[in-house]
Structure formats: C-alpha cells, structure tokens
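The primary structure of each chain is shown beneath.
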Amino acid sequence: MGYQWTRKANFGGTARHFAVGVRLGNYGYIGTGKAAVYSYKDFWAYNPSTNTWTQKADLSGGARWSAVGFSIGSKGYIGTGIGSGTYLHDFWEYNPSTNTWTQKADLSGGARWSA
C-alpha cells in the first residue's frame, strides 16, 4: 500500500530550526527556535481543516531554542532550552482556550537544552 505526501500551507512564521512542536486537540502548534543569531518566542497554530496558520500569544518566558515541548490533556508545555546565551530550566503552560501562558515550577535538576 503506497502513501502520498500532500503539500500544505507554509508555516506562518519565519523559517527556523531547533523549534518546538506540540499537538493540542485537532491543532498542531510550533514555536520558539532559532535562525542564524536570532531566537524566537512566537507560537503558531495550524488548523488542518482550513489549512491555515494563526499566530498565538508569544511564549511569556522569552525567546529560546532547543527547548522541549509536550502536551497533557488540553494544555501545552514548553520549557528549558537556551535563551540569550543562558541555559534555562523554566517551564510554561499554554492554554489554547484563553491563549495565555502561565509559568509552572522550574525543572528540578538544573538547566538543560536539547533534552
């Protein structure tokens, strides 16, 4: 059985690497990352039903790259990484119903990146 790739809408933000992706409900989210010497804190939602990207609230914890991201239930989480040359250990929760970020307890065990 063969599979076929179908081109979708281009990502709404600036091209980057070391970004974070999470799934919340039927949407995919991508944010943070790095391009050349610039780091990002923006966060974008992809709606597969309409094949569109929508910019959401920036990560309150600031720009970073090589962070980690995951989801639990209806919330998304981003934490750790490198921001302004500093290794980070903070964690943030994203609530898509209110489009807000809330700081959570820092990761115990110290800062890290590319976890």
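Figured I'd write up the structure that's included with this text.

Scoring rules and cut-offs
- Residues numbered from 1 in each chain as written.
- Predicted model: local features only at pLDDT ≥ 70, side-chain atom pairs only at ≥ 80, totals over all residues.
- Heavy atoms only, no water.
- Pairing = 2+ DSSP bridges.
- Helix = DSSP H or I, 4+ residues; strand = E, 2+ residues; numbered from the N terminus.
- Axes fitted to C-alpha atoms, helices over the stretch in contact; angles between N-to-C directions.
- Buried < 20%, exposed > 50% of the residue type's maximum accessible area, 1.4 Å probe, protein only.

What to know about the sheet that holds strand β5 (residues 43-47)
Next, step 1: Across the sheet, four strands lie side by side as β1-β2-β5-β6; this open sheet has antiparallel pairing. Every interior strand has two partners, whereas the edge strands, β1 (20-24) and β6 (52-56), have only one. Across this sheet, the average inter-strand angle for adjacent strands is 25°, counted without regard to direction.
Next, step 2: Direction of pairing for β5 relative to β6: antiparallel, over a ladder of five bridges. Bridge assignment links Asn47 to a residue of β6, and that residue is Thr52.

Focus on unusual backbone geometry
A negative phi holds for most residues other than glycine; trans holds for most peptide bonds.
Next, step 1: Even without being glycine, Thr32 reaches a positive phi, approximately 60°.
Next, step 2: By secondary structure assignment, the location of Thr32 is in the loop between β2 (27-31) and β3 (34-35).
Next, step 3: Note on Thr32: relative accessible area 0%, which makes it buried.

Honestly, it's all geometry; don't read function into it.
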